[in-house]
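Breakdown of the fold
Below are the chains, spelled out letter by letter.
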Amino acid sequence: MTRPDQPASAAVSDDALFGPEAADYVRYRPGLPDAAVHLLAATQHGVPAPVLLDLGTGTGQVPRALLPVLLRLVHIDLVDVNASMLQAASAVLEPVRGACTVDAFTGAAHTFAPAEPGRAPTLITCCRSFHWMARPEVLSMADRVAAPHAVVAITGDGSLWTHEADWTAALRELIQSYLGDDRRAGTRGTYAGPGRSYQDDLADSAFSEVAEHHFPVTRTWAPEDVVGYLRTTSFARPALFADRHHAFEAAALRLLQDHADGGVLTEDAVFTVLLARRPGVAA
């Protein structure tokens, strides 16, 4: 899976990047397709006590989706550079985690180490966040901490910036009219173009046996929800607009309402799941 929206920085550790938008993440970020969730759960078939390590967890979308499906899950490690996101993830998981224990680790993904021995992850997930990380170092860390039969799952589906539709093209143009032609990324940088594919990263790691799965997804958005979603992105987060953010949101809402068909905007996306294992480990 080559990321068309690779940011300039390989790893971002600035807690200010998304901290103020944690509540918007919970409300506006699209979840995982059900088919992808069941695929992830199926990787743990025959594992008596699955342990999940969710890297770049954000507000905990992956474990929140897996808990009702993977009922045998005994422990979850949440990893994120952003303490506000981890607090939101912990709050979201608390009512549904049951007997499953949860630990939160604030820091870059490649620096993670289990808090206690005997909790080697059997499933390591990274949803819509691998592009922010020092990827070879993350995969080396995964090799150190993971159980012998562990599965690494890299998942994602691009963003509304990369989606091709009349309404997203008009929205990009509006953003560029405020922030310039270059796409913003990270806390200070701009879009630098695609680098290596995730498949190449995995091929050079201990988890070089890779299966690729694609799930078409059609999403419908209300204009107001797109505006909320934009606050959670690196290319249109509020701080980039400074005192012009209110004017931008008003203009974006008018534009989206003009493009909506019956009050609805449609996004046809493809959610990709890369399942990686160490060679010789049975699927």
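Structural data are supplied above this passage.
Remember, predicted model here, so these are calculated numbers, not experimental data. (Residues numbered from 1 in each chain as written. Predicted model: local features only at pLDDT ≥ 70, side-chain atom pairs only at ≥ 80, totals over all residues. Heavy atoms only, no water.)

1. Thoughts on the pattern of salt bridges
Threshold: Each salt bridge in this description consists of a side-chain nitrogen of Lys or Arg and a carboxyl oxygen of Asp or Glu lying within 4 Å of one another. Each residue gets one of three labels from its accessible area relative to the maximum for its type: buried under 20%, exposed over 50%, partly exposed in between, using a 1.4 Å probe on protein chains only.
Scanning the entire structure with this criterion turns up 13 salt bridges. The salt bridge partner of R119 is E116, with a shortest N-O separation of 3.8 Å. On the basis of relative accessible area, R119 is assigned to the buried category, the value being 17%. By sharing partners, the salt bridges in this structure join R128, D157, R219 and E267 into a single network.

2. Thoughts on the packing of aromatic side chains
Note the cut-off: Any pair of Phe, Tyr and Trp rings, taking the six-membered ring for Trp, is counted once the centres come within 6.5 Å. Such a pair is stacked with planes under 30 degrees apart, edge-to-face with planes over 60 apart, and tilted for the rest.
In total, this model carries seven aromatic pairs according to the counting rule given. Among the aromatic side chains, those forming a connected cluster through ring pairs are Y178, F241 and F248.

3. Remarks on the sheet that holds strand β5 (residues 151–156)
Here is the rule: A strand pair is defined by DSSP finding two or more bridges across the two strands. A helix here means a DSSP run of H or I that spans at least four residues, while a strand means a run of E at least two residues long, and both kinds are numbered starting from the N terminus. To obtain each axis, a line is fitted to C-alpha atoms, and for helices this fit is confined to the stretch in contact; angles are then taken between N-to-C directions over 0 to 180 degrees.
If you walk across this open sheet you meet the seven strands as β3-β2-β1-β4-β5-β9-β8, and the pairing is mixed. The open sheet has two edge strands with one neighbour each: β3 (101–106) and β8 (209–221). Strand-to-strand twist in this sheet, taken as the mean axis angle between neighbours without regard to direction, amounts to 15°. Here four bridges tie strand β1 (residues 51–55) to strand β4 (residues 123–127), and the two strands are oriented parallel to one another.

4. Some words on the nonpolar core
Worth spelling out the cut-off: Take the buried Ala, Val, Leu, Ile, Met, Phe, Trp, Tyr and Cys residues and link them wherever side-chain atoms come within 4.5 Å; each set so joined is a nonpolar core. Note on contacts: a residue pair is in contact if any heavy atoms of the two residues lie within 4.5 Å.
In terms of nonpolar packing, the biggest core is built from 27 residues, with L66, F271 and V273 touching the most fellow members. Where this core is concerned, the elements lending two or more residues are α2 (34–42), α3 (61–66), β2 (75–80), α4 (83–93), β4, β5, β8 and β9 (265–277). Discounting chain neighbours no more than four positions away, the residues touching F271 are L32, P33, A36, C127, R128, T155, G156, D157, H213, H214, F215 and V217. By size, the runner-up hydrophobic cluster in this structure holds 26 residues, among which are A170, W221, Y229 and L255.

5. Description of the state of the cysteines
Here is the rule: When two cysteine sulfur atoms are found within 2.5 Å, that pair is recorded as a disulfide.
All told, the structure shown has zero disulfides when counted by the stated rule. The structure places no disulfide on C127, whose sulfur is separated from the nearest cysteine sulfur, that of C126, by 8.0 Å. Since its relative accessible area comes to 11%, C127 is described here as buried.

6. Some remarks on the side chain of D24
Looking at where D24 falls in the secondary structure, it is placed in helix α1 (residues 22–28). Looking at D24, the relative accessible area reads 16%, which means it is buried. Non-local contacts of D24, meaning those with residues more than four positions away in its chain, are made with R29, G228, R231 and T232.

7. Examining the side chain of T125
Note the following rule: Within 3.5 Å is the distance limit for a polar contact, defined as a pair of N or O atoms, with the added protein rule that one can donate a hydrogen and the other accept it, and that residues adjacent in sequence qualify only through two side-chain atoms.
Along the polypeptide, T125 turns up in strand β4. What makes T125 buried here is its relative accessible area of 2%. Here the side chain of T125 touches D54 through a polar contact of 2.7 Å, side chain to side chain. Contact partners of T125, with chain neighbours within four places excluded, come to L40, L52, L53, D54, L55, V62 and A153.

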